[in-house]
Amino acid sequence: MTKYSKHRTLFVLLFIVALFLLFLDISFGSVTIPQKEILKSLTGGHSSKSTWDYIIINYRLPKAITAILVGMGLSISGLLMQTLFRNPLAGPYVLGLSSGSSLAVALVILGSSFMPPMWSAIFVSSYGIILASCLGSTAVLLAVLFVSQRLRDTMAILIVGLMFGSFTSAFVGVLAYFSSAEQLQKFTFWSMGNLGNLSWDSILILTIAVFIGLVISLATIKPLNALLLGENYARSLGLNYEKSKLLIIIATSILAGSITAFAGPIAFIGLAVPHVAKLLFNTSNHRVLFWATLLIGSSLMLLSDLISQMPGSDFTLPINAITSIIGAPVVIWLLVRKRKMMY
């Protein structure tokens, strides 16, 4: 079997797996709904009970779509950052975007006691938290773009992003020290990530943001392939390095920033999925990795959401915990398996 045929077969299998996980994710929950009724509801018909239609259309389907958007966006962000910084430990939040969002949300939630009651009610609402998260990530983005114009070294930009993270973590810690138990609980729940609280209007906004980020990312595939052998090699090929770096940073910021704003900081997906894609397809060509990362990221996020619901139970586990529990062993197993195959 040629490499092209192998890749094509893998893509077909991944697509089938993604569709299967999508249906499973919609099927399972605290309320048991027969699969025939789910198919009726999804194909434009009506199930036997109106409450089942409401659960499927207004809760399970939006949550599954959010999982797909989050998986695709964070996975591509991780791929971009790992290639730009040539660092396998780089992820979508390495620029400090998540830290900026966390600081803004912390100011709103943990600092609500210092606001007038009317302002507090507005800012602590779901849309207020989304707005705060967007503003926080945008502020960090502007700071990173400013720094990137002044610093020509990509590693220096990476260090600046890590410093942003350290600064905001310290500031959030100070706010947490003076906050009430109720405020701390609300902030902790946000920081654990949540896929199930979005309305269709919010999903539309998130879809547009992720689509724009993915289109920009798609335009950087050629520069990313050139960057595999280093910045100097890319420049020798005639690549406009500064323009490419700016596009990569903007794409990552749009994807990671919008996802953090609507779903909270989701861990591990952006770090792990690019490695899984490289190991499965055995290539470093971003024309292949881009689409592989999209499919694997969405599938892994759907699987995490499915497990977090604990089928047959009323409990829902934090999505952040599930992504790490599933992802870490998978990556370790793939790395060990690849190493054994080399001997």
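Located above this text is the structure these notes cover.
Quick look at the structure, then. Just so it is clear, the structure is predicted and the values come from calculations on it, not from any experiment. (Residues numbered from 1 in each chain as written. Predicted model: local features only at pLDDT ≥ 70, side-chain atom pairs only at ≥ 80, totals over all residues. Heavy atoms only, no water.)

Moving on, we come to the overall build of the protein. Assigned secondary structure in the protein consists of 15 helices and zero strands. The C-alpha atoms of the protein give 21 Å as radius of gyration, which agrees with the globular expectation for 343 residues (20 Å, within 12%). Each of the three principal axes of the protein carries a C-alpha extent, and together these read 60 × 55 × 35 Å. Counting all 343 residues of the protein, 50% fall into the buried class. Within the protein, counting contacts between residues at least 6 apart in sequence, those at least 24 apart form 76% of the total. About 17100 Å² of surface is accessible on the protein, with carbon and sulfur atoms providing 70% of the total. Between the centroid of the 22 positive side chains of the protein and the centroid of its 10 negative side chains there is a distance of 15 Å. (Helix = DSSP H or I, 4+ residues; strand = E, 2+ residues; numbered from the N terminus. Rg over C-alpha atoms; globule rule 2.2 N^0.38 Å. Buried < 20%, exposed > 50% of the residue type's maximum accessible area, 1.4 Å probe, protein only. Contact = heavy atoms within 4.5 Å. Areas by Shrake-Rupley, 256 points an atom, 1.4 Å probe, with all protein chains shown as cover. Lys, Arg positive; Asp, Glu negative; His and termini not counted. Charge placed at Lys NZ, Arg CZ, Asp CG, Glu CD.)

On to the environment of Phe-28, then. Residue position: Phe-28 is located in the loop between helix 1 (3-27) and helix 2 (35-42). Overall, Phe-28 belongs to the partly exposed group, its relative accessible area being 33%.

Our focus in this paragraph is helix 13 (residues 269-281). An α-helical segment advances 3.6 residues per turn. Residues three or four places apart therefore align on the same side. Its 13 residues place the ends of helix 13 18 Å apart at the C-alpha level, agreeing with the 18 Å of an ideal helix rising 1.5 Å per residue. Within the span of helix 13, buried status applies to Ile-269, Gly-270, Ala-272, Val-273, Pro-274, His-275, Val-276, Ala-277 and Phe-281. Phi for Asn-282, located one or two positions after helix 13, is positive at around 50°. (Expected span 1.5 Å × (residues − 1).)

Secondary-structure assignment places Ile-216 in helix 9 (residues 200-218). Note: C-alpha distance between Ile-216 and Gly-91 (125 residues apart in sequence) is 18 Å.

This brings us to the side chain of Gln-82. Mapped onto the secondary structure, Gln-82 falls in helix 3 (residues 50-85). In this structure Gln-82 comes out as buried when scored by relative accessible area, which is 4%. Discounting residues that sit within four places of it in the chain, Gln-82 has contacts with Asn-87, Pro-88, Ala-90, Gly-270, Leu-271, Pro-274, His-275 and Lys-278.

Glancing now at helix 12 (residues 241-263). Between its terminal C-alpha atoms helix 12 stretches 32 Å, which fits the 33 Å expected from 23 residues at 1.5 Å a residue. Backbone geometry just after helix 12 places Gly-264 at a positive phi near 85°.

Attention shifts here to the nonpolar core. Core analysis: the largest hydrophobic core is formed by 77 residues, its most contacted members being Val-70, Met-81, Leu-84, Phe-85, Leu-95 and Met-301. Sorting elements by how many residues they give to this core places helix 3 first, with 16 residues. The contacts of Phe-85, once residues within four sequence positions are left out, are Ala-90, Val-94, Leu-95, Thr-154, Met-155, Ile-157 and Leu-158. Within the second largest apolar cluster, 10 residues are counted, among which are Leu-103, Leu-110, Leu-175 and Phe-187. (Core = buried A, V, L, I, M, F, W, Y, C linked by side-chain atoms within 4.5 Å.)

For the rest of this paragraph, the subject is a nonpolar patch on the surface. A surface patch of nonpolar side chains, amounting to about 480 Å² of accessible area, comprises Leu-204, Ile-208, Phe-211, Ile-212 and Val-215. In this structure, Ile-212 sits in helix 9. Among the residues examined, Ile-212 registers a relative accessible area of 40% and is labelled partly exposed. (Patch = residues over 30% accessible without salt bridge, like charges linked within 9 Å, V, L, I, M, F, W, Y side chains within 5 Å. Salt bridge = Lys/Arg side-chain N within 4 Å of Asp/Glu carboxyl O.)

Once that is clear, we can look at unusual backbone geometry. In the Ramachandran plot, Phe-268 falls in the positive-phi region, its phi being about 80° despite a non-glycine side chain. Residue position: Phe-268 is located in the loop between helix 12 and helix 13. In this structure, Asn-282 is a non-glycine residue whose phi angle is positive, near 50°. Residue placement: Asn-282 occurs in the loop between helix 13 and helix 14 (286-308).

One pass over the structure, following the stated rule, counts four aromatic pairs. Judged by centre distance (4.9 Å) and plane angle (45°), the ring pair of Phe-11 and Phe-281 falls under tilted. Separated by 270 residues along the polypeptide, Phe-11 in helix 1 and Phe-281 in helix 13 bring together distant segments of the chain. For the pair Phe-167 and Phe-171, a centre-to-centre distance of 6.2 Å together with 35° between the ring planes defines the contact as tilted. (Phe/Tyr/Trp six-rings, centres within 6.5 Å; stacked < 30°, edge-to-face > 60°.)

Here we come to the pattern of salt bridges. Scanning the entire structure with this criterion turns up two salt bridges. A salt bridge links Lys-63 to Asp-305; the nearest nitrogen and oxygen atoms lie 3.0 Å apart. Of the two residues, Lys-63 sits in helix 3 while Asp-305 sits in helix 14, which places them 242 residues apart along the sequence. A salt bridge links Glu-242 to Lys-245; its shortest N-O distance comes to 3.3 Å. Of this pair, Glu-242 and Lys-245 both sit in helix 12, three residues apart, which is roughly one turn of that helix. Given a relative accessible area of 2%, Lys-245 falls into the buried group.

Here we come to the side chain of His-275. Tracing the sequence through the fold places His-275 in helix 13. A distance of 2.8 Å separates a polar side-chain atom of His-275 from the backbone oxygen of Pro-88. With residues near it in sequence (within four places) discarded, His-275 still touches Gln-82 and Pro-88. (Polar contact = N/O pair within 3.5 Å; in protein donor to acceptor, adjacent residues only side chain to side chain.)

So, to be careful, I would describe these as geometric facts and stop short of saying anything about function.
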